[in-house]
Structures are given as structure tokens and as C-alpha cells.
Amino acid sequence: MSDYNFNTLAVHAGAKPDPTTGARTTPIYQTTSFVFDDADHAASLFGLEAFGNIYTRITNPTTAVLEERVAALEGGVAALAVASGHAAQMIAFHTLMSPGDHFVAATQLYGGSITQFSHSFKKFDWHVDWADATDPATIKKAIGPKTKAVFIESMANPSGRVMDIAAIAAIAHEAGVPLIVDNTLASPYLIRPIEHGADIVIHSATKFLGGHGNSMGGVIVDAGKFDWSKGGKFPTLTEPTGSYNGLKIFETFGAISFAIACRVLGLRDLGPAISPFNAFMIITGIETLPLRMQRHCDNALTVATFLKNHPKVSWVSYSGLADDPSHKLQQKYAPKGAGALLTFGVKGGYEAGKKLVNTIELLSHLANLGDTRSLVIHPASTTHRQLTDEQKIAAGAGPDVVRLSIGIEDVADITKALDKALG
Ligand SMILES: *Cc1c(COP(=O)(O)O)cnc(C)c1O
């Protein structure tokens, strides 16, 4: 299957006709549990000596298709699908971190991730050091002896800044830690972080993978390249596992160890499983990912250009524009397009931004992105509200910023609606 090209993988990877019924689309295996062949079979599944389905918190055949498909599209060796993007982040860090450990994260992140890392993770005694990822040298400076990972977004939410993944991967690897890339905004259609050195890719499948604003999901992809034994930094992967009779995960599973540990320890014990129904919806969404993503990009570039020339707009941030500070990196990492998200400043600041979201037609005022529909939000009062003023500005979510997630409608209707609301 991995010999096929991207569009083919988007439709086929991981799926085949159902062996019992011949059903061509992936059935929704809406079951909690799976009957064992016999007592020995049950024992071997529980002991991780054989792969198979036990209970839908840990594996499910519908979810397995989603996992294989995203792994194929990202060029990874294995993947784990979970209930949301935030669940994916929690489980990935649960595998890497011990109490007292640190990781370095970009200041340019989705507001919810900044909140998760700086508040909830503290309860596990996991600590984050922030760095300006547009200046990789600051990441290097933030790395210390207890650092266990570097975390960035390939294209940042909401600023759209494109990060120099290869340069940041080199810094992480020099320090003996993996690079985790949240690839939600780009999707593997635009950027495949593993090709540039990422070790772990995270998705909020809620966004472009599902693509229709109807199902929550998250995915962790394991690139299969990191040597977890080097430096003794990752005991979860290398030391005997108490809950599997002393099994050593890296020794036993090799390249797919990170994905295995996330599943059989993190997901098993923390529990945020995706429902088979949502996995089915996201699989269906992925089949049209390449078509949607290209239309998202083409429409967003037209909208960005339109806004740039609009008298009521003070600035536009979209890496697809030739004078954008991320344009060079966008051309390098995402030559097919700069994604669906753009931010701009309305003349008249906070009040003018509020008026825009209150009066605009066609675009939905809501907290999501990566929908077929065009969406608008004011991050400072919503998605990035929990941040300090300083964090808001660092994340690209200052008081005058309006964020658009451009959909796949006719672009003339989108620019017309914006023109009218900007009045
Ligand atoms: C939405 C989002 C998340 C969180 O994902 P959920 O599915 O909402 O939990 C993480 N990262 C980015 C970039 C996002 O846009």
C-alpha cells in the first residue's frame, strides 16, 4: 500500500472490503468487546504476545483503519487514534515524561495547547519552557538536562507562521530528544513533518482530516526512527513495564514502540478512546482531504489578497502572500498552498473586530477550523482568552486580530460577505 501516491492512499490506505459481508466502505464496528477464540488466545492478547481486539478502549477495527490511513499519509510506521487532539497530546507526553521532567514548546501554538501545557500538565509535575519557534536558536537555549521533547506546530494557529521543521529537528536530535509536530493546520497534504525530521506527529483530526466540522478526534503518528534507548531518558519505553510482567517495550516492539506504549499504557490507563462512529466519519473525511485542502488554500489566497487591498484592513498575515515573513518557509515546506487559516487586523481595533463578527453573513462565528464552511472568530476574546496579554501577542492573537478559516465555497461569495461586513 505504501507504494501508492498520496491521493490513492487518502482513499484506500488501511481499508479493504469487509471479509464477512463484502461491505466496500469501512463498517462501523459499534461494539465494546470482541469474542476470544479460546482461553490461550485471550491470554496471548492480554500479554501483548499477539495483536488483536480485546476491548474498544484499546483497539477497534474501524479505528484501526483510521490509524493505518493517517500513518500512511504522514509516512509514519504506526499511529494511535484517540478522542481529541488534546487527548493525543496528553497521551504522547504521558509516554515521554516522568514527574519533574520538562519539555520545550513554541509560543506559537493553539491557545488550548498553551493552556493544557501550562496548567493541567503541572498537576502531573510536567513542566514546559517556552521558546519563539520562528527563531530556532531560542529553542536550543531553552533545552536543559530534564528536557524530554520539543513541541511545535508546523503551521501555527492562529498566526499561520510556518516553522523551520528541519532546523528544529536538528536541534532536538542534538539534545537527544524527539521533535513532536502538531500538523493539524497543514495536514499531510501540505506538509509531511516526518520527511523533515519529526519523530512524532500529532493531529486534531477534528479539523482538516475529518474536515466537515462534525466529529472530534485526535491522532498520534510514530515516525519509527527515534532511538529510545540512547541516553536513558525514556524509562517508559526502555525499562520493565510493571503492568505487563516486566515486558520492555522498546526491546520487544522496536520501531513501533512509541505508538505501542501510547496505546497499551497511555490510552489503556487514561482512557480517552475515540468512538468507532467518529473514526468512521474521519476516515470518510480523509478520502477527500487532497481535494478540500487544495480548494481551502486557493480560496484563502484569494481572500488574503482581497483583504490586503481593502481600505478597512490594516494588515493581513498569510504565509501565501509574497511579503509575509513566513513566505520563504511556506514555499519550502508547503509549496502546494499556505492553508486555510489567515488572520488580519481591522481598522478600528477591538470594536471594529466585534462589529465584523456580529454582522457578517455566510461565515459562521464559532470556535473551530478546518470545516468545509468558512468560519470567523476573534481569538483574543475566545480561543486565546485564557492567555496573558503577552502570551496572546506572542501567539499572534492580539486584541485587533480576526481569524478566518476559509472554507470550500465559491470564493466570490466569501469576499462579498467580508466586503459587506467590513462596510
Ligand atoms: C484544535 C486544535 C488542537 C486541539 O484539538 P481538539 O481536537 O480540539 O482537542 C490542537 N492543536 C491545534 C493546532 C488545533 O487547532
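Residues numbered from 1 in each chain as written. Predicted model: local features only at pLDDT ≥ 70, side-chain atom pairs only at ≥ 80, totals over all residues. Heavy atoms only, no water.

A.B. asks: Would you explain the environment of Gly224 in this entry?
C.D. replies: Mapped onto the elements of the fold, Gly224 is located in the loop between strand S7 (218-222) and helix H9 (235-238). Note: C-alpha distance between Gly224 and Val35 (189 residues apart in sequence) is 31 Å. Setting aside its immediate chain neighbours within four residues, Gly224 contacts Val77 and Ala255. (Helix = DSSP H or I, 4+ residues; strand = E, 2+ residues; numbered from the N terminus. Contact = heavy atoms within 4.5 Å.)

A.B. asks: Hey, could you run me through unusual backbone geometry in this one?
C.D. replies: Most peptide bonds are trans, and most residues other than glycine sit at a negative phi. The step from Asn157 to Pro158 runs through a cis peptide bond, and the omega angle for that step is 5°. Within the secondary structure layout, Pro158 lies in the loop between strand S4 (147-153) and helix H7 (165-174). Located in the positive-phi region is Ser187, a residue other than glycine, with phi close to 65°. Phi at Asn245 is positive, roughly 50°, even though this residue is not glycine. Structurally, Asn245 is set in the loop between strand S8 (240-241) and strand S9 (247-248).

A.B. asks: What is the right way to read the nonpolar core from this model?
C.D. replies: Among the nonpolar cores identified, the biggest contains 101 residues, and Phe93, Phe103, Ile139, Val150, Ile152, Leu179 and Ile220 are the most heavily contacted of them. Taken together, domain 1 (14-285) and domain 2 (290-422) each give at least three residues to this core, which thus spans both. One finds Leu307, Leu356, Ile406 and Leu418 within the second-largest nonpolar core, a separate group that totals 25 residues. (Core = buried A, V, L, I, M, F, W, Y, C linked by side-chain atoms within 4.5 Å. Buried < 20%, exposed > 50% of the residue type's maximum accessible area, 1.4 Å probe, protein only. Domains from an automatic or database assignment.)

A.B. asks: Got a minute to help me understand the sheet that holds strand S6 (residues 200-204) in this structure?
C.D. replies: Each strand in a sheet pairs with another by means of backbone hydrogen bonds, the pair being arranged parallel or else antiparallel. The strand order across the open sheet formed by seven strands is S1-S7-S6-S5-S4-S2-S3, and the pairing between neighbours is mixed. The open sheet has two free edges, formed respectively by strand S1 (78-82) and strand S3 (127-131), since each of these has just one partner strand. Adjacent strand axes in the sheet meet at a mean angle of 20°, parallel and antiparallel pairs treated alike. Across five bridges, S6 lies against S7 in antiparallel orientation. Residue pairing for S7: Ser204 is matched across the bridge by Gly218. Packed onto the sheet, helix H4 (residues 85-96) meets S1, strand S2 (102-106), S4, strand S5 (179-182), S6 and S7 and runs at close to 155° relative to S6. (Pairing = 2+ DSSP bridges. Axes fitted to C-alpha atoms, helices over the stretch in contact; angles between N-to-C directions.)

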